[in-house]
Amino acid sequence: MSDKTLLVLAASMYQLDTIKTAKQLGYRVVTTDNVPDNPGHTMADHSYLVDTTDMEGVLNIAIHEKICGIISPCTEVAVPTMAYVAERLGLNGPPFTSTQITCDKNVFRRFLRENAFPVPEFYEVSEEFQPDEDLFMEKTWIIKPAQSSGSKGVFIINSWHDYQNRFPEMEVFSNTGVGILEEYVEGFQGTSEGILENGKIIFCVVLDRQTVSPPYVTTCGHRVPTLLGNERLQQLHKMLEDIFKLLQLTEGPFDCDFVATDDKIYILEISPRIGGNLIAPLLKIATGFDLVKYSVKKACDDWIVLPEKIKISPAATVLFGVSRHGNLMYNEEEAKLLEKESWVNQLSFDVKVNTPVLPFINSKYRIGEAIVIGGSRAAIDGKIVEMKKRLGIRVEP
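Residues numbered from 1 in each chain as written. Predicted model: local features only at pLDDT ≥ 70, side-chain atom pairs only at ≥ 80, totals over all residues. Heavy atoms only, no water.

In this section: the sheet that holds strand β1 (residues 5-9). What the 4 strands build is an open sheet, ordered β3-β2-β1-β4; its pairing is parallel. In the strand order of this sheet, the two ends are held by β3 (46-48) and β4 (69-71), each with one partner. Direction aside, neighbouring strands of the sheet carry axes that sit 20 degrees apart on average. Direction of pairing for strand β2 (residues 28-32) relative to β3: parallel, over a ladder of 3 bridges. Among the inter-strand pairings, T31 is bridged to a residue of β3, identified as S47. Along the sheet, helix α1 (residues 16-24) makes contact with β1, β2 and β4, crossing β2 at roughly 160 degrees. (Pairing = 2+ DSSP bridges. Helix = DSSP H or I, 4+ residues; strand = E, 2+ residues; numbered from the N terminus. Axes fitted to C-alpha atoms, helices over the stretch in contact; angles between N-to-C directions. Contact = heavy atoms within 4.5 Å.)

One pass over the full model with this rule turns up 15 aromatic pairs. Look at Y123 and W141: their rings are 6.0 Å apart centre to centre, the planes differ by 50 degrees, and that puts the pair in the tilted class. Linking Y123 in strand β5 (residues 122-125) with W141 in strand β6 (residues 141-145), this pair joins segments that are 18 residues apart in sequence. Y123 sits in the partly exposed class, given a relative accessible area of 25%. With a relative accessible area of 0%, W141 lands in the buried category. Taken together through their ring pairs, the aromatic side chains of Y123, F136, W141, W160, Y163 and F167 make up a single cluster. (Phe/Tyr/Trp six-rings, centres within 6.5 Å; stacked < 30°, edge-to-face > 60°. Buried < 20%, exposed > 50% of the residue type's maximum accessible area, 1.4 Å probe, protein only.)

Another point: the packing of helix α11 (residues 332-339) against helix α12 (residues 377-391). Interhelical geometry of α11 versus α12 gives an angle of 145 degrees and a closest axis separation of 8 Å. For the pair α11 and α12, the contacting residues are E334, A335, L337 and L338 in the first and M387, R390 and L391 in the second. Taken together, the residues that form the contact of α11 with α12 break down as 5 nonpolar, no polar and 2 charged. (Nonpolar A, V, L, I, M, F, W, Y, C, P; charged D, E, K, R; others polar.)

Let's shift gears to α1. Two residues of an α-helix separated by three or four positions point the same way, owing to the 3.6 residues in each turn. Listed as buried for α1 are T18, I19, T21 and A22. Along the axis of α1, the buried positions cluster into a sector of 165 degrees, meaning they face one direction only. Here the buried face of α1 lies against β1, β2, α2 (40-43), β4 and α10 (291-299). Positive phi appears at G26, one or two residues downstream of α1, with a value of about 95 degrees. (Arc of directions from axis to C-beta.)

Another point: the sheet that holds strand β17 (residues 356-357). One open sheet accounts for 3 strands, arranged β17-β15-β19; its pairing is antiparallel. If you trace the sheet from one side to the other, it starts and ends with β17 and β19 (394-396), each paired once. In this structure, strand β15 (residues 326-329) lies alongside β19, joined through 3 bridges in antiparallel fashion. Within β19, the position partnered with N327 by the bridge is E396.

Moving on, we come to helix α7 (residues 160-172). Here α7 contains 13 residues, and its C-alpha end-to-end distance of 19 Å stays within 8% of the 18 Å for a straight helix at 1.5 Å per residue. Along α7, the sharpest change in direction is near 35 degrees and occurs at R166; proline P168 comes one to four residues later. Along α7, the residues that are buried comprise Y163, R166, F167 and M170. Here the buried face of α7 lies against β5, β6, β7 (155-157) and β8 (179-183). (Expected span 1.5 Å × (residues − 1). Bend = angle between axes of the 7 residues up to and from the residue.)

Within strand β12 (residues 252-260), 9 of the 9 residues are buried, leaving the element largely enclosed by the surrounding structure. The sheet contact formed by strand β9 (residues 188-197) and β12 spans 9 bridges and is antiparallel. Bridging from a neighbouring strand, T191 pairs with D257 of β12. Pairing of β12 with strand β13 (residues 265-271) involves 6 bridges; the strand directions are antiparallel. Looking at the pairing, V259 lines up with Y266 of β13. Here β12 hands over to β13 after 4 residues, the two strands then running antiparallel side by side.

To continue, consider the packing of helix α3 (residues 55-65) against helix α4 (residues 79-89). Remark: α3 packs on α4, axes separated minimally by 9 Å, with the N-to-C direction vectors making an angle of 50 degrees. As summarised for this structure, α3 and α4 are arranged oblique, according to the angle between their axes. Note on packing geometry: the crossing formed by α3 with α4 is right-handed. Contact with α3, carried on its side by M55, E56, V58, L59, A62 and I63, involves P80, T81, Y84, V85, R88 and L89 of α4 and no other residues of that element. Here the contact of α3 with α4 is built from residues that sort into 9 nonpolar, 1 polar and 2 charged. (Parallel < 35°, antiparallel > 145°, perpendicular 65-115°, else oblique. Left-handed = near helix turned anticlockwise from the far one by under 90°.)

So far we have only geometry, and geometry alone does not tell us how the molecule works.
See the structure below:
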């Protein structure tokens, strides 16, 4: 084992790939979060029950464990802590001030507006400030916690009545009680995953993002290669580099969600970390590049070969869920047969048949995942339809 220690913020299923990769690379791994039963803690060499948003608490862990790197994979709320600790200890990481901008949706929208980037109409909302009823007469809106991840507390709303019902649900997931109400933009939903070196994007893949049915917006899959045209891709690339320059973000991985309309690209979220929802495993299959391995070694200031060119093979992720609560049912025999199909790279369920499950309204309530490969985007789209039909996922009272 290396004498280098990596501190991983959070230890849920979404951090397992990072923890496992770091262990395979020979690093000593320490984890921390406020959920004792999270599976990553049992994989780590040592674990703590300090919340990932407790900056001073995490800093004390980092000093005590003499870490060489800190990482916040697949979780947005821990990114400022990662940056704070890295900055205090002189480790690799983004500037703390930049994460204070990117990790608060209201602050980030103001930053975009002040720097003349496209921004939908938006309002900061709280118990103290409620929007005017007239706002809901002609537009569709979306409400979100100002600081959150995994689509928790996010809803599309069409009326003042919707707003009144959804505000308390949003507030539950806001650690400050503050949210953002912004105009809902119809368009092409995409995710951009990449790497910055010396302020330039040297690796970037755009994924077509799939979401569940309204009024929810939870990610339920990604597909590559993207169907977004080259002109829009170049426009997105330049916009991202301009934003990174203003934020003084120059090194490391990044994750971005955006919406492209006929004439504009709206950056919804941007974060100096690798994304969740199986993005890194998907890109490893589609491009051959291991983004998790890169992010671990980058955090620890170790050298890694970066790809000069990438070729993207068609592939897709599917996150399974249900639309209402009940006891989960699916065809277990077909699941076993599907695992043997040449076009199924992986398939697994988080919960067993006949287990009570909740609607897939945020990332916490997914019930399983799959990665599908194929010769073309069209072929993959067809195989996903076949997979879902054969599994027959449903709920019963």
